[in-house]
Amino acid sequence: MSFLKYLKNEKLFLLLLFFMFLLLILNPQPVSSMWHSVDWNTIIALTGLLVISTGIKESNVLAKISIRTLKHVKTEKELSLFMIILSAVFAMFLTNDITLFIIIPLTLSLQSFLKNDIKKIIIFEALAVNAGSTLTPIGNPQNLLLWHLWGISFLGFMFQLLWLEIIMLAVLIIFSMIVFKKNELKIVEKKHSHVDRKLSIISLILLISYVVLLELHVAKFIVVLLFIFYMLFYKRVLKEVDWFLLIIFILMFIDVHIFSQFNFIVDAVRAMNLNNLSHVFFLSLAFSQITSNVPAAIFVSKFSKAYLAITYGVNIGGNGFVIGSLANIIALRMAKSKGIYMDFHKYSLAYFLITTVLGYQLLMMLYH
């Protein structure tokens, strides 16, 4: 009975499951096709990150960092700006997903020491990692894919995306300065939680090592060892891992795959004039809102080699609806805050519309 109650709260899971059955009725697929549609490398990478970040959270080391942070930051506006800039900078080089596994637990730890409700900052952190990761080829999966297809240098890619990065961050900072007030942070006097130094040091070392191994594409061989280590020495960590997040990601891959197999969709894209940069940009933008930006980058790049227009479209398209980027789902699930999905769309859709207009104008300027 308790599991059914838990399941009722998993609205995104139930929605994705419903769409999977609906799409299968309309367009039946063999099980093998659905299995191969899942990017298992992404799922394996996320599994390791989930386990390690949970280990860091359970060690309570973030509580110690939170106390030190609050000694230097005095208002909600200052804290929001600090966390947004930190998120964006980390995302440039650590990738948007990895950054969230560090930043969101830290924000939740900060919340535990404050009377102020600062969970709204998590929404802006999700937008910040989407913006920050836009700049570099390694900032997010869609950039990595398009960079390889594009065939330009690392610095060349950054040069092409620099002005879009500046625009996205500037708009986000202006947004945050309007939304967050100069309310003084009110610290709650509470007993400091015991820090498990051994667990924190081991988990931090594992995180750094795992990020390096992800870059070398050998992390999948380490996940089993990670699981065995925490099972033997820190079983409580595995109990706290959000395993449902992995199931949600698997369902997303399957839903996107079935959706993209409809002949009328492929025919409609082929009928478009994809020699027109505006068409490529808006197609990338629209598909990101329907399928998330990584599948959108894969799909559109099959029909067009206008890589700058695709890159602009899928990076801006990571905002808007929550499904636009997997990073959004990670952030909001980790927040575990009632009503946060509604609040996310209130800010994200406005941010999406403004950056779409400015990003499109910039793209047209660069090509003329």
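A short tour of the structure in this document, coming up. (Residues numbered from 1 in each chain as written. Predicted model: local features only at pLDDT ≥ 70, side-chain atom pairs only at ≥ 80, totals over all residues. Heavy atoms only, no water.)

1. Some words on the packing of aromatic side chains
All told, the structure shown has 19 aromatic pairs when counted by the stated rule. Between W147 and F154, the ring centres sit 5.8 Å apart and the planes meet at 90 degrees, which makes this aromatic pair edge-to-face. A relative accessible area of 19% means that W147 is categorised as buried. The partly exposed category is assigned to F154, whose relative accessible area is 29%. (Phe/Tyr/Trp six-rings, centres within 6.5 Å; stacked < 30°, edge-to-face > 60°. Buried < 20%, exposed > 50% of the residue type's maximum accessible area, 1.4 Å probe, protein only.)

2. Things to note about the packing of helix 10 (residues 154-179) against helix 18 (residues 307-316)
At their nearest, the axes of helix 10 and helix 18 sit 11 Å apart, and the two run at 35 degrees to each other. Helix 10 and helix 18 meet at a crossing whose hand is right-handed. Residues F157, Q160, L161, L164 and M168 of helix 10 form the contact with helix 18, whose own contacting residues are L308, T311, Y312, N315 and I316. (Axes fitted to C-alpha atoms, helices over the stretch in contact; angles between N-to-C directions. Helix = DSSP H or I, 4+ residues; strand = E, 2+ residues; numbered from the N terminus. Left-handed = near helix turned anticlockwise from the far one by under 90°. Contact = heavy atoms within 4.5 Å.)

3. A short note on a nonpolar patch on the surface
A surface patch of nonpolar side chains, about 480 Å² in accessible area, is lined by L15, F18, F19, L22 and L26. Tracing the chain through its elements places L26 in helix 2 (residues 11-26). Taking relative accessible area as the criterion, L26 reaches 57% and is therefore assigned exposed. (Patch = residues over 30% accessible without salt bridge, like charges linked within 9 Å, V, L, I, M, F, W, Y side chains within 5 Å. Areas by Shrake-Rupley, 256 points an atom, 1.4 Å probe, with all protein chains shown as cover. Salt bridge = Lys/Arg side-chain N within 4 Å of Asp/Glu carboxyl O.)

4. Notes on the nonpolar core
General note: in soluble globular proteins, nonpolar side chains tend to be found buried as a group. If you look at the biggest cluster of nonpolar residues, it comprises 127 residues, and the most contacted ones within it are L79, F124, Y230 and F249. Looking at which element gives the most residues to this core, the answer is helix 10, with eleven residues. Those residues in contact with F249, other than ones at most four positions away along the chain, are I43, L46, L326, I329 and I330. (Core = buried A, V, L, I, M, F, W, Y, C linked by side-chain atoms within 4.5 Å.)

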